[in-house]
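# Results of the structural survey
Each chain is listed here by its residues.
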Amino acid sequence: MSSELAQFFWVFSIAIALVMIAGFYCLLLTYNLIRALIGLELLTKGMTLFIILAGYVTGHTGLAQAMAITLIVIEVVLMVVAVGVVLGIFRHNRSIDARLIRNIKG
Amino acid sequence: MITTTHWVLLGALVAGAVWTVLTARLLRSAVGLAITSAILAILMFQLASPLAAVFELSVCAGLISAIFVSTISMTHRVTAEDLAIRLKERLHWFWLLPLILLAAGAALISVHFVLDIRPPAPPAENDVRIVLWKIRHLDLLGQIAILLAGAFGVVALFKEWKDE
């Protein structure tokens, strides 16, 4: 790998790492279920960009795009179902604070 | 290789993510996420991945943001008192995030990382249509299965509401 390409890869990787740290921090510290989903979204954003970056650097942009599209499809389905679950929790508890959910069965 | 545009976009991406996490109001957080998605889509265009960028822009910046905004509007209304309590709570923990990001950024910049990568793919493999339809068509089956699972999941969730 040429030094220019390595620098390119490294600069992008640092930005991706920072976005993922922000997402993980949000996921770790929040009690709000919607905000937790937003943190999860940020983690996914970082991973999507990393796949695209890897494809660009290695010259496999077609494969990287196919995998990124698959990731986006999984992401949107996950979000729709998770939001449905959050709305269900809100209907039962009138709250989306994870600390107040005490009546989960099972 | 790395241009000023890349620097600006990467800075905006990180700033968007930090604003999404730090802002106290959920609606602003959802808007921040949409902005981060849009910047990510521009970066994907810059990295020669236009189809994935279109997906990111339409699905993530558009659809998912709409879902989040709808959910926020359906769940609760924040009063001034709630917001004041929330701001106080967040000050305890979230002021650390910029410091953690600065420390992590400085640590990563100081690391010298060597990668051994494969040579570039033949031109045929760089066409996303060929990759999706000819080489990785099982992925499409997986995507369809996941979409159906998601649809059934939502139907099951809302059926439970109706039965109640």
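Since this is a predicted model, take the numbers as computed values, not measurements.

### A word on the overall build of chain B
- A count of helices and strands for chain B gives seven helices and zero strands.
- Going from the N terminus to the C terminus, chain B shows its helices and strands as α-α-α-α-α-α-α.
- Taken against the 2.2 N^0.38 rule, which gives 15 Å for 164 residues, the C-alpha radius of gyration of chain B at 21 Å runs more than 25% over that of a compact globule.
- Per-residue burial over chain B gives 37% buried out of 164 residues.
- Sequence separation of at least 24 residues holds for 57% of the intrachain contacts in chain B that already meet a minimum separation of 6.

### Focus: the interface of chain B and chain A
- Contact with chain B, which involves 80 residues of that partner, is made by 64 residues of chain A.
- Taking both partners together, chain B and chain A bury about 6,800 Å²; carbon and sulfur atoms supply 80% of that area.
- Linking chain B with chain A are one salt bridge.
- Applying the counting rule to chain B against chain A returns 10 residue pairs in polar contact (both at pLDDT 80 or more).
- Mapped by element, the contributors of at least two residues to the side of chain B that touches chain A are α1 (4–22), α2 (26–46), α3 (50–75), α4 (80–94), α5 (96–110), α6 (128–135) and α7 (137–163) of chain B.
- With 15 residues, the top contributor of residues to the side of chain B that touches chain A is α3(B).
- For the side of chain B that touches chain A, a count of residues per class yields 53 nonpolar, 15 polar and 12 charged.

How each quantity is defined
Residues numbered from 1 in each chain as written. Chains lettered and ligands numbered in written order. Predicted model: local features only at pLDDT ≥ 70, side-chain atom pairs only at ≥ 80, totals over all residues. Heavy atoms only, no water. Helix = DSSP H or I, 4+ residues; strand = E, 2+ residues; numbered from the N terminus. Rg over C-alpha atoms; globule rule 2.2 N^0.38 Å. Buried < 20%, exposed > 50% of the residue type's maximum accessible area, 1.4 Å probe, protein only. Contact = heavy atoms within 4.5 Å. Buried area = accessible area lost by both parts, 1.4 Å probe. Salt bridge = Lys/Arg side-chain N within 4 Å of Asp/Glu carboxyl O. Polar contact = N/O pair within 3.5 Å; in protein donor to acceptor, adjacent residues only side chain to side chain. Nonpolar A, V, L, I, M, F, W, Y, C, P; charged D, E, K, R; others polar.

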